[in-house]
Amino acid sequence: MRFATIGTSDICRRFIDALKQVDGASYELAYSRTPERAQAYAQEQGAERSCSSLEDLAADPDVDAVYIASPNALHTDQAKLMLSHGKHVFVEKSFAANARLAREVFDLAESQGLVAMEAMRNIHAPGFKKIAQVVSEDLGQVRAASFGFAKITSRIERLRAGERLNVFDPQMASGALMDMGVYTVEPTVALWGRPQRVTCYGVTTTVPGEEDGAPFSKIDLAGAALLDYGTHTVQLSYGKIADDLALCQVQGEGGTLSFRGISGPEDLHLHTHKSNKMVYKADSSLGDPIPVEVVENDMVYELQDFIAAAGEGAKGPLATRYRDITLGSLELQDEMRRQLGVSFPADE
């Protein structure tokens, strides 16, 4: 499969590194908005060719698939353009500004017999696949879970100084939920589907250059949500203004699974429940370790699944499963943003 890339960010570089490690994939073409930038990036990253026109990229007969790592607000139009010219699309998270736009992309992909997939690396990783197995086989009835992902961004001081930044701009369909919270939302939906109810709270700020109350003037910096699944609850927390150091866990009647890093699960341990009659004291040990081997660049796994999905086709089990996870996650994020009062132009 011959790939082109849209974007020149660090995540795009990491994808290209993964691309070079996967059999059956090659890096054909680098796109950037200026010819000089595109050519320099192609030479730096080892692409065969470069271009500065999205239309030329879409029409290129020697490109089979396009990895889209532009700002979120641009994903939908770029994906549709590539799909309309017969190219599979692998779209960096968050897949689209909202669920409605995501459905439009998936519907177009299916009509063209092509695969559109979100590059959401943690749900493709071996650690998450092991988590899904343990949840299904070893915990008994799940009653609660807690997933958190937060770290201080180096850009927060620039935001506080009054600089308008893409990662904190509703016009770019960004914010803490779309950038960080998605790492907690998608594993939750992948494990249990859509919740019955959600309650969300968050820390928000006014976008520099906008007045309070103006359309698209509010953006989220951190948040927390409680999801009700009827038989169990899930607590989610995320943010870009503090560091979360707590372990994630899934609590079942037969035991508790703990692990580190929802963005790339590792250090899994199974704590089997032991009855202490009337006195309950949590075991301070780490529990039984669950071995998981992960390569250094874990984008390899999502890329392998994308190539496999393209081989199966638009209606194959892989494309269908990950489409449903993306749609369910964006529906949940849409509701969370609604409760936070954060809206994007694409929501109208």
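Look up: the structure comes first, before these words.
Okay, so let's go over this structure. (Residues numbered from 1 in each chain as written. Predicted model: local features only at pLDDT ≥ 70, side-chain atom pairs only at ≥ 80, totals over all residues. Heavy atoms only, no water.)

1. What to know about the layout of surface pockets
Working step 1: Put simply, the largest pocket is a space of about 1400 Å³.
Working step 2: Lining the largest pocket are 38 residues, with S9, I11, A69, R155 and V167 sitting closest to its centre.
Working step 3: Taken together, the elements giving at least two residues each to the lining of the largest pocket come down to α1 (10–19), α4 (72–84) and α8 (176–192).
Working step 4: Grouping the amino acids of the lining of the largest pocket by side-chain chemistry returns 14 nonpolar, 13 polar and 11 charged. (1 Å grid on protein atoms, 1.4 Å probe; cavity = no way out; pocket = protein on both sides within 12 Å on 5 of 7 lines; lining within 4 Å. Points joined across faces, edges and corners; volume = space filled by probe spheres on them. Helix = DSSP H or I, 4+ residues; strand = E, 2+ residues; numbered from the N terminus. Nonpolar A, V, L, I, M, F, W, Y, C, P; charged D, E, K, R; others polar.)

2. Points about the packing of helix α6 (residues 126–137) against α8
Working step 1: The contact between α6 and α8 brings their axes to 11 Å, and the two run at 40 degrees. The angle between the axes of α6 and α8 places the two elements in the oblique class. Our pair here, α6 against α8, has a crossing hand that is right-handed. Contact residues: F128, I131, A132 and V135 in α6; P187, A190, L191 and W192 in α8.
Working step 2: Its residues assigned to classes, the contact of α6 with α8 comprises 8 nonpolar, no polar and no charged. (Axes fitted to C-alpha atoms, helices over the stretch in contact; angles between N-to-C directions. Parallel < 35°, antiparallel > 145°, perpendicular 65-115°, else oblique. Left-handed = near helix turned anticlockwise from the far one by under 90°. Contact = heavy atoms within 4.5 Å.)

3. Some thoughts on the sheet that holds strand β7 (residues 142–150)
Working step 1: One open sheet accounts for 8 strands, arranged β8-β9-β10-β7-β11-β12-β13-β14; its pairing is mixed. The strands lining the two open edges of the sheet, one partner per strand, are β8 (197–206) and β14 (288–290). Shown here is a sheet whose adjacent strand axes are inclined to one another by a mean of 15 degrees, direction ignored.
Working step 2: Taken strand by strand, α6 contacts β7, β11 (248–252), β12 (255–260), β13 (266–272) and β14, and its axis lies near 10 degrees from that of β13.
Working step 3: Strand contacts of helix α10 (residues 317–340): β8, β9 (218–228) and β10 (233–239), with the helix running at about 55 degrees to β8, the strand carrying the most contacts. (Pairing = 2+ DSSP bridges.)

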